[in-house]
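Chains, contacts and geometry: an overview
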Amino acid sequence: MLIFRVISEVEFFYRVRIVRVHIMMGDCFMGLANAVCSLYSLLFEHEIMSYVPASKPASPRSSPQLSPQASPGMSRANMRAPALYRRDFEAKLRTFYRKLESKGYGQGPGKIRFVVKRDSLLQNAFNKIMSTSKRDLQKCKFHAHFENEEGLDYGGPSREFFFLLSRELFNPYYGLFEYSAHDTYTVQISPMSTFVDHYQEWFRFSGRVLGLALVHKYLLDVFFTRTFYKALLRLPVSLNDLESLDVEFYQSLLWIKEHNVTREGLDLTFVVTEQTTFDQPVERELKPGGKSIPVTEKNKKEYIEKIVQWRLDRGVAEQTECLVKGFYEVVDPRLVSVFDAHELELVLAGTLEIDMMDWRINTEYRSGYHEGHPVIQWFWMAIDKFTNEQKLRLLQFVTGTSSVPYEGFASLRGSTGPRKFCIERWGKPNSLPRAHTCFNRLDLPPYESPEMLYEKLLLAIEETNTFGME
């Protein structure tokens, strides 16, 4: 059973929140009662390249501090030199499924038969999936059937089952997951989930659901943050993963990275401060003896790596490990490693067709660009030539996700509220595009020909594993 314990004081790290939770009564995971809890807190292919423009945030005078809005968010990576186009997602996906088939994934002869009630779908699914052996989850065919509903499963009921299950399981209303700080249509693991009874098993179940959806080619009605997909693939995080999570914290660390901390005389050690119950600060060492180890120009790389890992793991490391464990109980990690974080999102959540008219109508222009500017006309000409996958990659590049709100591009959100897709004039004609995912903004240089614009834009979206931005 998944039950919230109603408590008065809870240790959390970075924000205060009032959450309404559903309470499971008996065998049903339904909203039969509401409780208000006052919670005090707080691929074989490696990364190819990313574009990380120079920025000059103000010099920090002390250890980077978390902003009040901080919450795990999107991911970015280190700069690499440009590479020739060599990505073929569709071919990679075909090869992946051929390998699954050759290894017997989902081929039978055994079958997993689900007979579920619509009003208790989540609990039924949990009981069935968690009581099935790992081998059967990997090898058996999958058939779902809704109780008291006639019909044979030729794929439709099973697709609906996974769609409805994902809506329930990953709904922030239930406390296992939460909306990201970046927007309200991507989700991440919630630190509050530790107050859910048997949360470890629920996250292992979540991982198994993701694995089953991947093996059986069923799409899920959920978009996760980029760091979630990186964790699922066991890819390392980097400084730029903080860009959409906490801008002030990210910029402080970026300043440290770009300046000589020894010469600047920063008084930093390998220690961070965490807030506990009743907002009592507690110092945590990033390494043994860290309190007495000053940060210098020689060891600042290690300091940045450790503090980034601390910031991204804090509060959800155990839950993440349980989810990843469940995922790899269904699918071999060596097979999944062929994808990067962006590609895995497309596999699990699908590649929906983008409404280009809606996109154009709800795009803003800055710094001299306008609808009739030649560069803007070339931009939309280039997009018209893109495949739908490339359009989704561009959307990922600029907004951090391939998800479009149900209401369309007019409802895109940034880290501080509604933010339309924006194109701003920036840089020199030989510069590469860059993006600001917090603001859904593309910095587009004033290219001198449509061919150059097309080439540079395609290079950005196709040859960047984790797209760089400021």
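Treat the numbers as computed from the prediction; the structure is a model and nothing was measured. (Residues numbered from 1 in each chain as written. Predicted model: local features only at pLDDT ≥ 70, side-chain atom pairs only at ≥ 80, totals over all residues. Heavy atoms only, no water.)

Overview of helix H12 (residues 341-349)
One full turn of an α-helix is made of 3.6 residues, so residues set three or four places apart face in the same direction. Taken across its 9 residues, H12 has 9 buried, putting it largely inside the fold. Looking at H12, one finds that the buried residues are Ala341, His342, Glu343, Leu344, Glu345, Leu346, Val347, Leu348 and Ala349. Buried residues along H12 sit in contact with helix H1 (89-102), helix H5 (199-216), helix H6 (226-232), helix H11 (333-336) and helix H15 (388-399). Regarding H12, its N-cap is Asp340, as a side-chain oxygen of that residue lies 3.0 Å from the backbone nitrogen of His342 further along. (Buried < 20%, exposed > 50% of the residue type's maximum accessible area, 1.4 Å probe, protein only. Helix = DSSP H or I, 4+ residues; strand = E, 2+ residues; numbered from the N terminus. Contact = heavy atoms within 4.5 Å. Polar contact = N/O pair within 3.5 Å; in protein donor to acceptor, adjacent residues only side chain to side chain.)

Some remarks on the environment of Phe89
Inspection of the secondary structure puts Phe89 in helix H1. Between the C-alpha atom of Phe89 and that of Leu346, which follows or precedes it by 257 residues, the distance is 9.5 Å. Leaving out residues up to four positions away in the same chain, Phe89 has contacts with Phe339, Glu343, Leu346, Val347, Glu389 and Arg393.

Structural notes on the sheet that holds strand E14 (residues 441-444)
An order of E9-E12-E14-E13 is seen for the 4 strands of this open sheet, with the pairing classed as mixed. A strand with exactly one partner marks an edge of an open sheet, and here the two such strands are strand E9 (363-366) and strand E13 (434-436). With direction set aside, neighbouring strand axes in the sheet form an average angle of 25°. With 3 bridges joining them, E13 and E14 adopt antiparallel strand pairing. Its bridge partner being in E14, Ala435 is matched across the sheet by Leu442. (Pairing = 2+ DSSP bridges. Axes fitted to C-alpha atoms, helices over the stretch in contact; angles between N-to-C directions.)

A word on helix H14 (residues 374-385)
Spanning 12 residues, H14 covers 17 Å between terminal C-alpha atoms, matching the ideal 16 Å at 1.5 Å per step. When H14 is considered as a whole, its buried residues turn out to be Val375, Ile376, Phe379, Trp380, Ala382 and Ile383. Mapping the buried residues of H14 onto a view down its axis gives an arc of 155°, with all of them on the same face. As for H14, its buried residues are in contact with helix H13 (356-361), E9, H15, strand E12 (421-425), E14 and helix H16 (450-462). (Expected span 1.5 Å × (residues − 1). Arc of directions from axis to C-beta.)

Some words on unusual backbone geometry
Looking along the chain, the bond that leaves Gly108 and enters Pro109 is cis, with omega of 15°. A positive phi angle, near 60°, is found at His198, a position not held by glycine. Of note, Asn440 is a non-glycine position whose phi angle comes to about 55°, a positive value. In this structure, Asn440 sits in the loop between E13 and E14.

Details of the pairing of E12
Of all 5 residues making up E12, 4 are buried, and the element is well covered by its neighbours. Both E9 and E12 contribute to a ladder of 4 bridges, which runs parallel. Directly across from Tyr365, in E12, lies its bridge partner Ile423. The pairing of E12 with E14 spans 4 bridges and is classified as parallel.

What to know about the side chain of Ser180
Along the chain, the position of Ser180 falls in the loop between strand E5 (177-179) and strand E6 (187-189). A polar atom in the side chain of Ser180 sits 2.9 Å from the side chain of Thr186.

Some words on the nonpolar core
Ranked by internal contacts, the top residues of the largest apolar core, which has 95 residues, are Phe161, Phe177, Phe205, Leu210 and Phe379. Here this core takes 10 residues from H5, the largest share from any one element. Excluding residues within four positions of it along the chain, Phe379 makes contact with Leu394, Ile423, Leu442, Leu444, Leu453 and Leu457. Within the second largest apolar cluster, 21 residues are counted, among which are Leu239, Phe249, Trp310 and Leu312. (Core = buried A, V, L, I, M, F, W, Y, C linked by side-chain atoms within 4.5 Å.)

Some thoughts on the environment of Lys385
Locating Lys385 in the fold gives a position in helix H14. Residue Lys385 is classed as exposed on the basis of its relative accessible area of 58%. Between the alpha carbons of Lys385 and Tyr454 there is a distance of 9.1 Å; along the sequence they are 69 residues apart. Those residues within four positions of Lys385 in sequence are excluded, and the remaining contacts are Gln390 and Tyr454.

A short note on the packing of aromatic side chains
What the rule picks out here adds up to 26 aromatic pairs. Seen from their ring centres, Phe177 and Phe203 are 5.5 Å apart, and the 65° between their planes marks the pair as edge-to-face. With Phe177 in strand E5 and Phe203 in helix H5, this pair connects stretches of sequence that are 26 residues apart. Considering the side-chain rings of Phe379 and Trp380, the 4.9 Å spacing of their centres and the 80° angle between planes classify their relative orientation as edge-to-face. On the basis of relative accessibility, which here comes to 0%, the residue Phe379 falls in the buried class. (Phe/Tyr/Trp six-rings, centres within 6.5 Å; stacked < 30°, edge-to-face > 60°.)

Describing the pattern of salt bridges
If you walk through the whole model with that rule in mind, you get 15 salt bridges. Between Glu343 and Lys92 there is a salt bridge; the shortest N-O distance is 3.0 Å. Of this pair, Glu343 sits in helix H12 while Lys92 is found in helix H1, placing the two residues 251 residues apart along the sequence. No difference in accessibility class separates Glu343 from Lys92, as the two residues are buried. (Salt bridge = Lys/Arg side-chain N within 4 Å of Asp/Glu carboxyl O.)

As far as function goes, none of this settles anything; it's purely spatial.
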